[in-house]
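Residue-level listing of the chains:
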Amino acid sequence: RLQHPNFGQVAFVAVGATLVGSVQLLKEADSTFDKGECYGYFQYGGSTCVIITEPGAVSWDADLLDASARGLETYVRMGEQVGVSPAPA
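Let us look at the structure shown here.

Cut-offs applied
- Residues numbered from 1 in each chain as written.
- Predicted model: local features only at pLDDT ≥ 70, side-chain atom pairs only at ≥ 80, totals over all residues.
- Heavy atoms only, no water.
- Helix = DSSP H or I, 4+ residues; strand = E, 2+ residues; numbered from the N terminus.
- Buried < 20%, exposed > 50% of the residue type's maximum accessible area, 1.4 Å probe, protein only.
- Contact = heavy atoms within 4.5 Å.
- Areas by Shrake-Rupley, 256 points an atom, 1.4 Å probe, with all protein chains shown as cover.
- 1 Å grid on protein atoms, 1.4 Å probe; cavity = no way out; pocket = protein on both sides within 12 Å on 5 of 7 lines; lining within 4 Å.
- Points joined across faces, edges and corners; volume = space filled by probe spheres on them.
- Nonpolar A, V, L, I, M, F, W, Y, C, P; charged D, E, K, R; others polar.
- Polar contact = N/O pair within 3.5 Å; in protein donor to acceptor, adjacent residues only side chain to side chain.

1. Topic: the overall build of the protein
No. 1: Each helix and strand counted, the protein has one helix and eight strands in total.
No. 2: By the burial criterion, 18% of the 89 residues in the protein qualify as buried.
No. 3: In the protein, the proportion of contacts linking residues at least 24 apart, taken out of those at least 6 apart, comes to 60%.
No. 4: Entry remark: accessible area of the protein is about 6700 Å², with carbon and sulfur atoms responsible for 55%.

The following block contains the structure:
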């Protein structure tokens, strides 16, 4: 669980898939973070991350909402925008 000034509390789950040697997390629970800051990394193999936010904390991009409504998987690259905070910066 992390705290962000615009998004509030954010839960981050690193999911190591096939052949992942380990997951290295660089932040402690309840710490703060900034956009683009390294949180951790996977060592070898496939993986994914799950991020859970407070209700209303993110205005998701329209293409993601459309794909989700149709049950489609969406590939997202590191640093790619998936939504914005409705809170003033």
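2. A word on the layout of surface pockets
If you roll a probe as big as a water molecule over the atoms, it shows you where there is empty space left.
No. 1: Each pocket or cavity is described by its volume, and for the largest pocket that value is around 1600 Å³.
No. 2: Surrounding the largest pocket, 40 residues form its lining, Ile 51, Met 78, Gly 79, Glu 80 and Val 82 being those nearest its centre.
No. 3: Counting only elements with at least two residues in the lining of the largest pocket, the list comes to β1 (2-4), β2 (8-16), β3 (22-25), β5 (40-43), β6 (47-53) and β8 (83-84).
No. 4: The biggest single contributor to the lining of the largest pocket is β6, with six residues.
No. 5: Its residues assigned to classes, the lining of the largest pocket shows 22 nonpolar, 12 polar and six charged.
No. 6: Considering only enclosed or pocket space, the second largest pocket measures out at about 200 Å³ in volume.
No. 7: Counting residues per element, the lining of the second largest pocket draws most heavily on helix α1 (residues 62-69), which supplies three residues.

3. A word on the side chain of Ser 85
No. 1: Relative to the helices and strands, Ser 85 resides in the segment after β8.
No. 2: For Ser 85, a relative accessible area of 17% corresponds to the buried category.
No. 3: In terms of polar contacts, Ser 85 uses its side chain to reach the backbone carbonyl oxygen of Asn 6, at 3.4 Å.
No. 4: Excluding residues that lie within four positions of it along the chain, Ser 85 makes contacts with Asn 6, Phe 7 and Ala 57.

In short, shape yes, function no, at least from these values alone.
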